[in-house]
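Each chain, written out:
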Amino acid sequence: MRIGLYPGTFDPITMGHIDIIRRAAALVDRLVIGVAINRDKGPLFDLDERVAMIEAECVSLTEQTGIEIVVHPFENLLIDCARDVNAGIIVRGLRAVADFEYEFQMVGMNRALDDSVETVFLMAEARHQAIASKLVKEIARLDGDVSKFVTAPVRRALIKKFDRN
C-alpha cells in the first residue's frame, strides 16, 4: 500500500491545499494530511479547528477519489511523522521558486535522516499559485473577500474569527 503524507499548518486550508490533496490522492492508496502543531507560527485557528476544517473538506474528496484521506496532527520531525504513519512519500505543494529553495533544503535534510522516504512536489494549478494562508488571513482581517481562495465553510470561520462585534 502506497501511503503519502501531505504536511502543513493549514491555517486555514485553502483552495490551493485542496487542489494538492485532490491531485496527491491520485498518486497513493492512502493520504495522510499531517497538521503541524507549530506553536512558533502562532496560528489563527487552534489545532482542533484546523483538523475539523480539513476533515470536513476531505469528506467530499474521499468520495470523489475513492482514496482514504485521514488527518493526523503532529509535533515531531516531519520524517518521524512519516514513519509514524508508514508513509513512503511526502507530498509538498509548490507555488513559486521561493518555495522550491526552502523545500530543496528540507528534502536534503529529510533524506539524510531517512533515505527510504521520497518527496514528491506538485505544482499548484495556475489559478491557485498566489494563494497563501497568510495572505488569506490578512485579506479576511481587513474585511476583504476571500471566497476565491477558500471554501464557503472556511470563509465563514474566518469571518467569525475576525468578527469585531
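Please read these numbers as outputs of a predicted model, since none were measured by experiment.

Please give an account of the pairing of strand E3 (residues 68-74) that cites residues and values.
Judged from the 7 bridges that link them, strand E2 (residues 30-36) and E3 form a sheet pairing that is parallel. Of the residues in E3, the one forming a bridge with Val32 is Val70. Each parallel crossover has a hand, and the one from E2 via helix H2 (residues 47-65) to E3 is right-handed.

Explain the packing of helix H1 (residues 15-25) against H2 to me, using residue names and the numbers behind them.
Running from N to C, H1 and H2 point in directions that differ by 30 degrees, and their axes come no closer than 10 Å. When the axes of H1 and H2 are compared, the pair comes out roughly parallel. Of the two elements, H1 crosses H2, and the hand of that crossing is right-handed. Judged by residue contacts, Ile18, Ile21, Arg22 and Ala25 of H1 engage Glu57, Cys58, Leu61, Gln64 and Thr65 from H2.

Please give an account of the pattern of salt bridges that cites residues and values.
Scanning the model with the defined rule gives 11 salt bridges in all. As a salt-bridge pair, Arg23 and Asp19 come within 3.1 Å of each other at their nearest N and O atoms. Here Asp19 and Arg23 lie together in helix H1, a separation of 4 residues that amounts to about one turn. The partner of Glu68 in a salt bridge is Arg30, and the shortest N-O contact between them spans 3.0 Å. Of this pair, Glu68 sits in strand E3 while Arg30 sits in strand E2, and the two are 38 residues apart along the sequence. Accessibility expressed as a relative area gives 40% for Glu68, which makes it partly exposed.

Reading guide: rules and limits
- Here the residue index of a chain counts from 1 through its sequence in written order.
- Selection of residues for local features in this predicted model requires a pLDDT of at least 70, selection of side-chain atom pairs for listing and counting requires 80 or more, and totals for whole chains, interfaces and linings are taken over all residues.
- With hydrogens and water excluded, all non-hydrogen atoms of the structure serve as input to the side-chain values.
- Being paired, for any two strands, means DSSP has found at least two bridges between them.
- What counts as a helix is a DSSP run of H or I of at least four residues, what counts as a strand is a run of E of at least two, and both are numbered from the N terminus.
- If the strands point away from the viewer and the path from the first strand over the helix to the second runs clockwise, then the crossover is right-handed.
- Here, axes are lines fitted to C-alpha atoms. For helices the fit covers the stretch in contact, and angles between N-to-C directions go from 0 to 180 degrees.
- These descriptions rest on fixed angle ranges, namely under 35 degrees for roughly parallel, over 145 for roughly antiparallel, 65 to 115 for roughly perpendicular, and the rest for oblique.
- Helix crossings get a hand from a simple test, with the near helix turned counterclockwise from the far one by less than a right angle marking a left-handed crossing and a clockwise turn marking a right-handed one.
- What makes two residues a contact is simply this: any of their non-hydrogen atoms within 4.5 Å.
- A pairing counts as a salt bridge when a side-chain nitrogen of Lys or Arg comes within 4 Å of a carboxyl oxygen of Asp or Glu.
- When a residue's accessible area, from a 1.4 Å probe over protein chains only, is under 20% of the maximum for its type it is buried; when over 50% it is exposed; and in between it is partly exposed.

Keep in mind that these numbers describe shape and distance, not what the molecule does.
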